[in-house]
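# Report on the structure
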Amino acid sequence: MLVLLGFAMIAVFMVLIMTKKLTPVLALIIVPTVFGLFAGAGLGIGDMVLESMKSMTSTAALLMFAIIYFGLMIDVGLFDPLVKFILRKLGNDAAKVVLGTAILAAAVSLDGDGSTTFILTTAAMLPVYLRLKMSPVVLTCVAGLANGTMNILPWGGPTARAATALHLDVNDVFVPMIPSLIAGLVVVFGFAWLLGLQERNRLRATSPEIWGTPDTVEPFTAEKFDGGASDGGSGTGRGRKGAGPAGVAPAVGGSVAVLERTETLVDEQDGGMADTALDPNRSTLRPKLFWFNLGLTVAVMVMLVADLVPLPFVFMVGSAIALVVNFPNVKEQGAQLVAHSSSIVAVVSMVMAAAVLTGVLTGTGMVEAMSAWLVQIIPSSMGPFMAVITGVLSIPMTFFMSNDAFYFGVLPVLSETAAHYGISAAEMARASITGQPFHLQSPLVPAILLLVSLAKVDLGDHHKKVLWRTAVVSLVMLGVGMLTGAIGIG
């Protein structure tokens, strides 16, 4: 009964958020509560949730003050020069921008921390997506793909857990999986390029006066760009002598016209982003404090990587200093906090609501029952394929349970069974980490909640675009592991 209730609860939850019948926060609260009562939790369900919530408080604090800090840095204009630099290097080609996002997320993921990766990636790339009117869901998709794939690094967590649970050296687990990691990244970059091409075609269809082909495009003027902004803003949009109308010169590459963006389109006088977070005339800009804000941000990033003090405290202090220096007036400080309150409420409420799901799964014994059932239903004839089976199981199982529960609770049992068929513990550990790209998209992972909140993307929209792609990446990594012999068959 617990097994059926557990799987049914996960299925109902996913269906409700992906069909947008309920918001993720409501689904995380209502669905586990109903199924928990059916499982016989009774009045004890409250204690289960509160016990789970205790472990969530530091995460909630981290996400809350990280949102305040980086929201403030965007408001004061710290990232505006970076946006201009990226636009000049990548141009306005959506395919290049999306591929650049994937490369950036993969590079930053080398530090092994998902929250840091998503903070830096969204801070650098979200303004660019807004500037070019690209979908932020694409950003969250490729960032999630890249970080999930890189999550098998030895210092990322899962690989160390697998090695610890099976009493192995972490290098024995990771090194043979390097070809799988490379193959996974190739697939991620391929998905990023295809998503970028889709965005390029969408922009051509929705805004042909800016992104269209020379055969179909209307004469481009500054007024068209300013007046055609989807946010309804208007501005001055000054052209640049010799660069064509509004400083945009069309250059045809293949059958797609790629418009080369010049300095004018990223000039501070451009009104295309009026009334948005990137409004060049916003009152919160603090150009005279640019170097101070940059130094403070670098210091915060160094503290994140050094891990000398708890991360929530780093962002608490950073936010306090940034507010006092940039907005010395008390009313302005309060206004800044209110300005980001909607994002804070969205992410913190989701983290707290996730405690209901994890509390019910653990407190009612659903996780243990589901794990035991999966081990029991594997027929003895499939014994030689235990490593492959473990790799496939790691995709859904690490999605609806924590890494600790899977690697310390499920993997040892599977490994013990596999040993009877000549499959080593190292092979089992390697297979078990191939599901990490999928795992990282779970609503139980705080980092992914931070990503969708910073990008202001609905979790259901993110899942619809990213889940099948992460499943493909995981299966490719598993397949390459088998081909190279890192994951064997008994």
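Here is a short report on the structure shown in this document. (Residues numbered from 1 in each chain as written. Predicted model: local features only at pLDDT ≥ 70, side-chain atom pairs only at ≥ 80, totals over all residues. Heavy atoms only, no water.)

Bringing the overall build of the protein chain into the picture now. From N to C terminus, the protein chain includes 24 helices and two strands. Intrachain contacts of the protein chain at a sequence separation of at least 6 include 78% that bridge at least 24 residues. With an accessible surface of roughly 20,100 Å², the protein chain has 67% of that area assigned to carbon and sulfur atoms. (Helix = DSSP H or I, 4+ residues; strand = E, 2+ residues; numbered from the N terminus. Contact = heavy atoms within 4.5 Å. Areas by Shrake-Rupley, 256 points an atom, 1.4 Å probe, with all protein chains shown as cover.)

So, on to the layout of surface pockets. Roughly 1,200 Å³ of internal volume is contained in the largest pocket. The wall of the largest pocket is formed by 41 residues, among which Arg-161, Ser-402, Asp-404, Leu-444 and Pro-446 lie closest to the centre. Residue classes in the lining of the largest pocket are distributed as 17 nonpolar, 20 polar and four charged. (1 Å grid on protein atoms, 1.4 Å probe; cavity = no way out; pocket = protein on both sides within 12 Å on 5 of 7 lines; lining within 4 Å. Points joined across faces, edges and corners; volume = space filled by probe spheres on them. Nonpolar A, V, L, I, M, F, W, Y, C, P; charged D, E, K, R; others polar.)

Moving on to the nonpolar core. Judged by nonpolar contacts, the single largest core of 138 residues is most densely connected at Tyr-129, Phe-315 and Met-428. Considering each element in turn, this core owes the most residues, 12 residues, to helix H4 (residues 57–76). In contact with Met-428, not counting residues within four places along its chain, are Leu-166, Met-386, Ala-387, Thr-390, Leu-411, Leu-414, Ser-415, Ala-418 and Ile-423. (Core = buried A, V, L, I, M, F, W, Y, C linked by side-chain atoms within 4.5 Å. Buried < 20%, exposed > 50% of the residue type's maximum accessible area, 1.4 Å probe, protein only.)

In this structure the tally under the stated criterion is four salt bridges. With its nearest N and O atoms 2.8 Å apart, the salt bridge here joins Asp-93 to Arg-200. One end of the pair, Asp-93, is in the loop between helix H5 (80–90) and helix H6 (94–108); the other, Arg-200, is in helix H11 (residues 178–206), with 107 residues separating them in the sequence. Across the pair, Arg-200 and Asp-93 agree in class, each one buried. A salt bridge links Glu-199 to Arg-202; its shortest N-O distance comes to 2.9 Å. Here the residue Glu-199 and the residue Arg-202 both occupy positions in helix H11, the gap between them amounting to three residues, near one helical turn. (Salt bridge = Lys/Arg side-chain N within 4 Å of Asp/Glu carboxyl O.)

The subject of this paragraph is the packing of helix H1 (residues 2–18) against helix H2 (residues 24–38). Orientation of H1 relative to H2, taken along the N-to-C sense of each, is 155 degrees, at an axis distance of 10 Å. Relative to H2, the element H1 lies roughly antiparallel. In terms of crossing hand, the pair formed by H1 and H2 is right-handed. Counted together, Leu-5, Ala-8, Met-9, Val-12, Phe-13, Leu-16 and Ile-17 of H1 and Pro-24, Ala-27, Leu-28, Val-31, Pro-32, Phe-35 and Phe-38 of H2 form the full contact between these two elements. (Axes fitted to C-alpha atoms, helices over the stretch in contact; angles between N-to-C directions. Parallel < 35°, antiparallel > 145°, perpendicular 65-115°, else oblique. Left-handed = near helix turned anticlockwise from the far one by under 90°.)

The next subject is a nonpolar patch on the surface. A cluster of nonpolar side chains, contributed by Phe-292, Phe-313, Met-316, Val-317, Ile-321, Val-324 and Val-325, occupies part of the molecular surface with about 540 Å² of accessible area. When residues of the nonpolar patch are assigned to their parent elements, the largest contribution, six residues, is made by helix H15 (residues 311–326). Inspection of the secondary structure puts Ile-321 in helix H15. You can call Ile-321 partly exposed: its relative accessible area is 35%. (Patch = residues over 30% accessible without salt bridge, like charges linked within 9 Å, V, L, I, M, F, W, Y side chains within 5 Å.)

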